[in-house]
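So the chains spell out like this:
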Amino acid sequence: MSDLDLDELRSELEDFAQPEKRGGRSPQEERVIAGFEDIQRFVEAHGRIPQHGEEGDIFERLYAVRLDRLRSLAEFRSLLVALDHQGLLADAPAAPVVSVESMDDDELLAELEGAAGSPDITQLRHVRSSVEKREAEEIAAREKCLDFENFKPLFEQIQNDLASGLRTTRPFVKDAGFSKAEITTGQFFILGGQTAYVASVGEPIKAPNGESDARLRVIYSNGTESDLLLRSLQRALYKDESGRRITEPAAGPLFADKEEDGDQASGTIYVLRSKSDHPTVAAHRNVLHKIGVTSGSVEQRIANPRLDPTFLMADVELIATYKLYNINRTKLEKLVHKVFGRARVEIEVKDRFGNPVVPKEWFLAPLFAVDEAVERIKDGSILNYVYDPSTAKLAYASEAKV
């Protein structure tokens, strides 16, 4: 037994250990001692105390943070001083004393406990921050929905719509041009295997990080509800691999990045720029676009533009195209024109017979706004938006300036 080190000896004797007497170490103290022993093993193996800095690996940097904390906490210095045969606690001036009571459990354990129940810290495990812990508790804190009968028909209709293909699901991702994927009243999501309905969104409040937040009333398909924060629901949907947004029935999968098995090509949406010398065109050439849909070749559709008043009786430049699959082209075109309706420009030209014609598909809108509209059609959020010429971007229909 003389060849056994202290750890092996402890392991050999664990089965024979007597029950701890009253007044023994608390579980927290045991974890702190185990964390300190990790640091001691590091010093024995490397001949130096752990250092901060990018040059060290993650474990050494964690040990360094932990040692700093142990030096600064008087409660634990007194606990560990008898074990400190390497003089680690006295090796450097102690940092300002921080009371244990001023730290929450997550901060304390994340920095001090290391790998409780494991032989060393290299067996990594996830230590949740206090924010993550609160969010998890908020998501889990659901109560029985007392008026669920009022919402039950909505969930039944959602299931019918999904089964018939009227609605579909999309991954919950950040919207193009926005820092956060948006959540509004009346939307449906899939979270933790349950369908979630946002019944109401409260007044905006400011989160600790300065972002805008709001309290939600969310009803779940299992008859429960919760009043979690909007940002908490966003993050939960991001983290849930099966988390989904359920699209609006009128949107559906209008666009696809590529053709899938069984898809039938339905056409192409195209964006054109005119080369006309008309004064209105010349003054706004870079932001004046024709947005249209064709079932055939775009090249054939825009052939001989000088003879077609739709193209302002002038040559055009093809700026962008988006392939469409399994959609109703007519409805899609009407939807796009409705979104950009406030930016429509009426330019009168004479056809080849001398008759005045005013085409209806020319809009003063930059290409990036068209790209954003396409992305919102993909995720089903386009129904809440219109193009606002005063800001040159999409905006909530109720907030856009007339």
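Residues numbered from 1 in each chain as written. Predicted model: local features only at pLDDT ≥ 70, side-chain atom pairs only at ≥ 80, totals over all residues. Heavy atoms only, no water.

Right, let's talk about the pairing of strand β11 (residues 288–294) for a bit. With respect to burial, β11 is a largely interior element, 7 of its 7 residues being buried. In β11, alternate side chains face the same way, and those of Leu-288, Lys-290, Gly-292 and Thr-294 on one face and His-289, Ile-291 and Val-293 on the other are all buried. Inspection of the sheet shows β11 paired to strand β15 (residues 362–364) by 3 bridges, in the antiparallel sense. Directly across from His-289, in β15, lies its bridge partner Phe-363. (Buried < 20%, exposed > 50% of the residue type's maximum accessible area, 1.4 Å probe, protein only. Helix = DSSP H or I, 4+ residues; strand = E, 2+ residues; numbered from the N terminus. Pairing = 2+ DSSP bridges.)

Another aspect to go through is helix α3 (residues 58–72). Under the 1.5 Å per step criterion, the end-to-end length of α3 is 21 Å for 15 residues, consistent within 8% with the ideal 21 Å. Residues Glu-60, Tyr-63, Ala-64, Arg-66, Leu-67, Leu-70, Arg-71 and Ser-72 constitute the buried set of α3. (Expected span 1.5 Å × (residues − 1).)

Next up on the list: the confidence of the model for the chain. Put simply, the chain has an average pLDDT of 76, and 71% of its residues get 70 or more. Scored below 50 in pLDDT, residues 175–180 shows 16 contacts in the model against residues more than four places distant or in partner chains. Low pLDDT (under 50) marks residues 260–264, which in the prediction has 4 contacts with non-local residues, meaning those over four places away or in another chain. (pLDDT = per-residue confidence, 0-100. Contact = heavy atoms within 4.5 Å.)

The antiparallel open sheet is built from 7 strands, whose spatial order is β1-β8-β7-β4-β3-β9-β2. Looking at which strands have only one partner, the edges of the open sheet turn out to be β1 (143–144) and β2 (169–171). In terms of strand pairing, strand β7 (residues 216–220) meets strand β8 (residues 224–226) through 2 bridges, oriented antiparallel. Of the residues in β8, the one forming a bridge with Ile-219 is Glu-225.

Our next topic: the packing of helix α2 (residues 27–46) against α3. Taken N-terminus to C-terminus, the directions of α2 and α3 make an angle of 125 degrees; their axes are 10 Å apart at the nearest point. Taken together, α2 and α3 sit at an angle that is classed as oblique. The interaxial crossing formed by α2 with α3 has left-handed handedness. Packed against α2, whose contacting residues are Val-32, Gly-35, Phe-36, Asp-38, Ile-39 and Phe-42, the element α3 presents Glu-60, Tyr-63, Arg-66, Leu-67 and Leu-70 at the interface. Along the lines of polarity and charge, the residues of the contact of α2 with α3 split into 7 nonpolar, 1 polar and 3 charged. (Axes fitted to C-alpha atoms, helices over the stretch in contact; angles between N-to-C directions. Parallel < 35°, antiparallel > 145°, perpendicular 65-115°, else oblique. Left-handed = near helix turned anticlockwise from the far one by under 90°. Nonpolar A, V, L, I, M, F, W, Y, C, P; charged D, E, K, R; others polar.)

Mapped onto the fold, Tyr-220 is located in strand β7. Taking the C-alpha atoms as reference points, Tyr-220 and Phe-151, separated by 69 residues in sequence, lie 9.2 Å from one another. If near-sequence neighbours (up to four positions away) are discounted, Tyr-220 is found in contact with Arg-142, Phe-148, Phe-155, Gln-194, Thr-195, Ala-196, Glu-225, Ser-226 and Leu-228.

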